[in-house]
Amino acid sequence: MNVLIVNGPNLNLLGTREPEIYGRKTLRDLEREVGSHARKLRMRVRFFQSNHEGAIIDELHRSRRWADAIVINPAAFTHYSYAIRDALLAVALPAAEVHLTDVDNREGDFRKISVVRDVCVHRFTGAGIGSYLQALDAFAADRAARKKHR
Ligand code: DQA
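Here the structure is a predicted model, which is why all the values come from computation and not from measurement.

Engineer: Quick question: what am I supposed to make of the site of the ligand here?
Structural biologist: The local shell around the ligand consists of Arg-17, Tyr-22, Asn-73, Ala-75, Ala-76, His-79, His-99, Leu-100, Thr-101, Val-103, Arg-106 and Arg-111. Between an oxygen atom of the ligand and a side-chain N or O atom of His-79, the distance comes to 2.7 Å. Of the residues belonging to the shell around the ligand, the class tally is five nonpolar, four polar and three charged.

Written out as structure tokens, the structure reads:
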């Protein structure tokens, strides 16, 4: 199973970006932990981070034949990018929305809004890097359920 892991704007600065909110782990740390969890689940992962909406959309398009599932933290784009929402629908792959923080219980009402939520099959928030691991676990469980029904 191939999984594309997409990280949106400002997540390249993890580790130094508002560490009291996002912690001290870097994007590299995140990729290492997610990569090693994926190996245990016998998944292949590809990581992509961009600060640009169009670049994220291009990557979703590019990976649509390679990937079996998508884990996406659209960061601030979560709250208003209909273009990323449409791209997730266009590639028609099962997607999991993930967030490091508990977006539903943070400052700023805008964070409670997710325009991708209803086009994703899973959603994990507030567990830091654990949110990404939970998304992989969910896709592994879906894979196991599919096998059982074959
Ligand atoms: C975030 C939450 C968003 O509201 C914020 O804009 C981010 C990161 C998270 O992972 O908690 O950049 O997606």
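Engineer: What should I look at first to understand unusual backbone geometry in this one?
Structural biologist: Across residues other than glycine, the phi torsion is negative in most instances, and most of the peptide bonds are trans. Phi at Ala-75 is positive, roughly 50 degrees, even though this residue is not glycine. Inspection of the secondary structure assignment puts Ala-75 in the loop between β3 (69–73) and α4 (82–91).

Engineer: Where do I start with the packing of aromatic side chains in this structure?
Structural biologist: Note on aromatic pairs: each is described by the distance of the centres and the angle between the planes. Per the stated rule, a full pass over the model turns up one aromatic pair. Note on Phe-77 and Tyr-80: the rings are 5.9 Å apart at their centroids and 65 degrees apart in plane angle, and the pair reads as edge-to-face. Taking the relative accessible area as the measure of exposure, Tyr-80 reaches 49% and is therefore partly exposed. The ring of Trp-66 carries the charged tip of Arg-46 above its face, separated from the ring centre by 4.1 Å.

Engineer: Whenever I open this one, the side chain of Asn-7 confuses me. Can you help?
Structural biologist: Within the secondary structure layout, Asn-7 lies in strand β1 (residues 2–7). Owing to a relative accessible area of 1%, Asn-7 belongs among the buried residues under this scheme. Among the polar contacts listed, one links the side chain of Asn-7 to the side chain of Tyr-132, at a separation of 2.5 Å. Beyond its immediate stretch of four places on either side in the chain, Asn-7 contacts Leu-27, Leu-30, Phe-48, Gln-49, Ser-50, Asn-73 and Tyr-132.

Engineer: Explain the environment of Val-116 to me, please; I cannot follow it from the model alone.
Structural biologist: Looking at where Val-116 falls in the secondary structure, it is placed in the loop between β4 (95–99) and β5 (122–125). Residue classification places Val-116 among the buried residues on the basis of a relative accessible area of 1%. C-alpha separation for the pair Val-116 and His-79, spaced 37 residues apart in sequence, amounts to 8.1 Å. When near neighbours in sequence (up to four residues on either side) are disregarded, Val-116 contacts Pro-74, Thr-78, Ile-84, Arg-85, Leu-88 and Glu-97.

Engineer: Sorry, what's going on with the pattern of salt bridges here?
Structural biologist: Proximity of charged atoms lets side chains of opposite charge pair with each other. Counted under the stated rule, the structure contains 11 salt bridges. The salt bridge involving Asp-118 is made with Arg-85; its shortest N-O contact spans 2.7 Å. In this pair, Asp-118 is assigned in the loop between β4 and β5 and Arg-85 in helix α4, connecting sequence segments 33 residues apart. Residues Arg-106 and Glu-107 are paired through a salt bridge, measuring 3.1 Å at the closest nitrogen-oxygen approach. Among the residues examined, Arg-106 registers a relative accessible area of 15% and is labelled buried. Looking at Glu-107, the relative accessible area reads 44%, which means it is partly exposed. The network of salt bridges with shared partners includes Glu-97, Asp-104 and Arg-123.

Engineer: Can you help me understand the sheet that holds strand β2 (residues 44–49) in this one?
Structural biologist: Whether parallel or antiparallel, the strands of a sheet pair through hydrogen bonds between backbone atoms. An order of β2-β1-β3-β4-β5 is seen for the five strands of this open sheet, with the pairing classed as parallel. A strand with exactly one partner marks an edge of an open sheet, and here the two such strands are β2 and β5. The sheet shows a mean angle of 15 degrees between the axes of neighbouring strands, direction not considered. Pairing between β1 and β3: five bridges, direction parallel. Across the sheet, the residue bridging to Ile-5 is Val-71, located in β3. The sheet strands contacting helix α5 (residues 129–148) are β1, β3, β4 and β5, and the helix crosses β5 at an angle near 155 degrees.

The rules behind each value
Residues numbered from 1 in each chain as written. Predicted model: local features only at pLDDT ≥ 70, side-chain atom pairs only at ≥ 80, totals over all residues. Heavy atoms only, no water. Near = heavy atom within 4 Å. Polar contact = N/O pair within 3.5 Å; in protein donor to acceptor, adjacent residues only side chain to side chain. Nonpolar A, V, L, I, M, F, W, Y, C, P; charged D, E, K, R; others polar. Helix = DSSP H or I, 4+ residues; strand = E, 2+ residues; numbered from the N terminus. Phe/Tyr/Trp six-rings, centres within 6.5 Å; stacked < 30°, edge-to-face > 60°. Buried < 20%, exposed > 50% of the residue type's maximum accessible area, 1.4 Å probe, protein only. Lys NZ or Arg CZ within 6 Å of the ring centre and 35° of its normal. Contact = heavy atoms within 4.5 Å. Salt bridge = Lys/Arg side-chain N within 4 Å of Asp/Glu carboxyl O. Pairing = 2+ DSSP bridges. Axes fitted to C-alpha atoms, helices over the stretch in contact; angles between N-to-C directions.

No statement about biological role is implied by the geometric values presented.
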